[in-house]
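Breakdown of the fold
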Amino acid sequence: MSTPRFLTLPPGVSSEQIETPLGSFAALEALPVSGVPERWPALLVPGLTGSKEDFIAVLQTLAQAGRKVIAVDMRGQYETPGPDDPAAYTCGALGADIEAIAAEVGQGEPVHLLGHSFGGLVAREAALNDAAKLASLTLMSSGPAGIVGPRERMGRVLLAELPEYGLEYMWSNRMEPDALAAGIPDDIVAFLRKRLLANHPAGLLAMAEEVLDAPDRCAELARCGLDLLVLYGEHDDGWPPPLQAEMARRLDAECVVVPGALHSPAVEAPETTAAALTRFWNAAESRLLQHQHG
C-alpha cells in the first residue's frame, strides 16, 4: 500500500474533477507557481490500492519544470466512483479511461504518461492503443506481466478474503496493524483507512485479478515508437528489480534505479524521482519536436 508522507497540498497544487466522455475523474492538478506551463503536460496513474495522493511529494517539483502535471484516481479508486460491473476494471477498460483523461489534459498536445505499479499495466494499454496522443511512457515500479513475490501473495489474500469478509475486515486485520507497526502518523493512518474503504469492492477484486494475471506485452510495447522509461527503487518488493531491468532491456527503454527506494519512489525519494522524470520528459519532448520539424 503506497503511503504518502504528508497530505497538505503544496503551493500550485489543487483538487480538480476531470470531465471526459467516459465520466468524471478526481484529480490533483499541479501548475508552476510562477510563469505559465510551456512544456507538454504529464498524467500520473496510481497503483492498485493507491490514489492520486501517492504523487503529492513530486507534483510541485515536476510542475516547476514548466508543465501542468495531473495525478488521478482511476475508476473505482478513492474519490472516483465506479460501477458494480467487474468488466469496467480490466486493464483495457481502465486504459480507455486513461486515454480519455489524457485527451482532456493535453487539449491537442501530446501527454507524458506515467503508471505506478498496477497503473503501469493500465498505462501500457493506453500506449498500445494508437488513438492516444502520447509524448512518452514511464513504467514506475511496474513489470512485464502479472506481479510476483510478496505482493503477489498479498493479492491472493485480497482475492480470498475481500468477498468473504469485506474491506473493513481487511483494514482492521491486515493493513492497520502493518501501518501502526511501521510507525505511520495518526493522520496518515486515518487517510489510509478512509481511502481503502472508499474503493469499490468489485473494482478492487477485478483489479487484483488483473495485476495477478496480466499477460506479457513487452514485444508489442517495444514496437510502439514511444520514448520509454523504466524507473524503480533499488529495494522494490513488487516486481523484482532484476525483472524490471530485463524489461527495460527488452523495451530498449531508458532505465533509472532510485537509490534507497522501495516500491513507491515518488514517496520514498521524491527529489531523485522528480529530477529523473523531468530529465526524461524534456529529452523525449526535444526529440519529438526535432522529428516534427525535421
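Conventions and cut-offs
- Residues numbered from 1 in each chain as written.
- Predicted model: local features only at pLDDT ≥ 70, side-chain atom pairs only at ≥ 80, totals over all residues.
- Heavy atoms only, no water.
- 1 Å grid on protein atoms, 1.4 Å probe; cavity = no way out; pocket = protein on both sides within 12 Å on 5 of 7 lines; lining within 4 Å.
- Points joined across faces, edges and corners; volume = space filled by probe spheres on them.
- Helix = DSSP H or I, 4+ residues; strand = E, 2+ residues; numbered from the N terminus.
- Nonpolar A, V, L, I, M, F, W, Y, C, P; charged D, E, K, R; others polar.
- Core = buried A, V, L, I, M, F, W, Y, C linked by side-chain atoms within 4.5 Å.
- Buried < 20%, exposed > 50% of the residue type's maximum accessible area, 1.4 Å probe, protein only.
- Contact = heavy atoms within 4.5 Å.
- Arc of directions from axis to C-beta.

**Focus: empty space enclosed by the protein**
Evaluation of the coordinates by the stated rule reveals one cavity of 30 Å³ or more. The volume enclosed by the largest cavity comes to roughly 40 Å³. Around the largest cavity sit P4, R5, F6, E53, D54, I56, A57, A266 and V267, which together line it. Elements with a minimum of two residues in the lining of the largest cavity: helix 1 (56–64) and helix 10 (265–268). Residue composition of the lining of the largest cavity, grouped by class: six nonpolar, no polar and three charged.

**A few points about the nonpolar core**
Formed by 64 residues in total, the largest nonpolar core has its most connected members in L43, I98, L113, F118, L137 and L251. The dominant element in this core, judged by the number of residues it contributes, is helix 3 (residues 118–128), at seven residues. Contacts of L137, omitting those with residues within four sequence positions, involve L113, A123, R124, A127, L221, L226, D227, L228, L229 and F280. V69, L229, A261 and F280 belong to the second largest nonpolar core, which has 27 residues in total.

**Remarks on helix 1**
Every buried residue of helix 1 is accounted for by I56, V58, L59, L62 and A63. End-on, the buried residues of helix 1 take up no more than an arc of 145°, which puts them together on one face. Packed against the buried residues of helix 1 are strand 1 (13–20), strand 2 (23–30), strand 3 (42–45), strand 4 (69–72), helix 10 and helix 11 (270–293). Directly beyond the C-terminal end of helix 1, a positive phi value near 105° is found at G66.

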